[in-house]
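Fold and contact review
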Amino acid sequence: MSTQIITGAAGFIGSHLADALLERGDRVIGIDNFSRGSRANLALALKNARFELLTADLADANDCERLVGQLGARFSAKPGSEHISQLWHLAANSDIPAGVADLNVDLRDTFLSTVGSLRIARQFGIPDFFFTSTSAVYGEHEGQLTERSGPLLPISNYGAMKLASEAAISAATSAYLRRSRIFRLPNVVGARSTHGLIFDMYRKLAASPSAIEVLGDGTQCKQYLHVSELIDAALWIADHSTAPAIDCFNLGPSADAGITVRRIMEILLETAESQAVPHYSEGDRGWVGDVPHFAYSVEKLNALGWRAKGSSEDAIRRACVELRPRSAEAASL
Ligand SMILES: NC(=O)c1ccc[n+]([C@@H]2O[C@H](COP(=O)([O-])OP(=O)(O)OC[C@H]3O[C@@H](n4cnc5c(N)ncnc54)[C@H](O)[C@@H]3O)[C@@H](O)[C@H]2O)c1
């Protein structure tokens, strides 16, 4: 039985990862500051004796010091002592517009949380470090994005601090990590989402059932992966891409150019059995820092032996059903 740390464990993706690792028989230590995550997301994990939840702000040096003391009572990098084998670093700001409005948001929660997580990895001699990065590190490019696309010129502070995190992980890998893997995620959807288009649109629909404001002109076109497929791909990479050093993978649906916001709205309104009229705003992007179009090449991931089962549209359909509020919930949104 191996012990693994997940930062951001109470969030959308982190809680699904915790469930998957526990299901495999691992022991999991979840860390979160609950700025966006919730204990409710961890309802299943918290029933498992192999799961432990620690509250800490990874961007805060004092909190990290306290965490090191807490973990240090049981774990050590010394040979023969109980050790932690993998650290999955997911804690980050997930509100991109908030990070555009205030530089400190991504500096703290997206970058300094990485520094805090690396500190824990070094302190406890954790050999493997896995990081959820994003398409936002690429900035705006024509055509398919491969892991070698560049120059990397993000247009949001979120993307910039994710890229800075990748750089810090690269330096750490040359100094003390055995292996690090950068997962560049597309948009991820599914139950327990804490943000994103489907989440936002259901909220707006509850507040205003006849008309719904949509940011941007609806032509934005991006790739989506259901959270279950994402976890499957990340675990596949962790298990099959085992060479020491740093490596980076685009994660996404196969042979898929993405789905537009207009098509997502059609599926969502159909799922909600709503007659609401969507009102689009002008311009091809929803907010400053939004990259309106991207499509990954996932050849590298496919060559490792993993291929998504569903398309972007399949992921959206599934998530629209999973996130559809029951009527009582809708009234309280
Ligand atoms: N969901 C997506 O579409 C998507 C796309 C690309 C990348 N990602 C990345 O995947 C990861 C998980 O995203 P998510 O969608 O689950 O977001 P989320 O907001 O649901 O989860 C992030 C978690 O991190 C926690 N957190 C934030 N700052 C922290 C800090 N300083 N210390 C401790 N905990 C902190 C939050 O409370 C939250 O529970 C993030 O790194 C995100 O950038 C997500």
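What you see is a predicted model, and the numbers here were worked out from it, not measured in a lab.

Criteria and cut-off values
- Residues numbered from 1 in each chain as written.
- Predicted model: local features only at pLDDT ≥ 70, side-chain atom pairs only at ≥ 80, totals over all residues.
- Heavy atoms only, no water.
- Buried < 20%, exposed > 50% of the residue type's maximum accessible area, 1.4 Å probe, protein only.
- Helix = DSSP H or I, 4+ residues; strand = E, 2+ residues; numbered from the N terminus.
- Pairing = 2+ DSSP bridges.
- Right-handed = clockwise from strand over helix to strand, strands pointing away.
- Contact = heavy atoms within 4.5 Å.

Turning our attention to the pairing of strand β6 (residues 179-185). Counting buried positions along β6 gives seven out of seven residues, so the element sits mostly inside the fold. Here β6 shows no split at all, with R179, R181, F183 and L185 on one side and S180, I182 and R184 on the other all buried. One ladder, built from seven bridges, connects strand β5 (residues 128-134) with β6; its direction is parallel. Each bridged residue has a counterpart across the sheet, and for F129 the counterpart in β6 is S180. The β-α-β motif built from β5, the intervening helix α5 (residues 157-175) and the parallel element β6 has right-handed crossover chirality. Sheet analysis places β6 next to strand β11 (residues 245-250), joined by six bridges and oriented parallel. The residue of β11 that forms the bridge with S180 is I246.

Right, let's talk about the environment of V137 for a bit. Summarising the element assignment, V137 is placed in the loop between β5 and α5. Of the residues examined, V137 reaches a relative accessible area of 0% and is grouped as buried. In this structure, V137 is in contact with L152, L153, P154, G159, K162, L163, E166 and R184, ignoring residues within four places of it in sequence.

Function-wise, these values are silent; they only describe arrangement.
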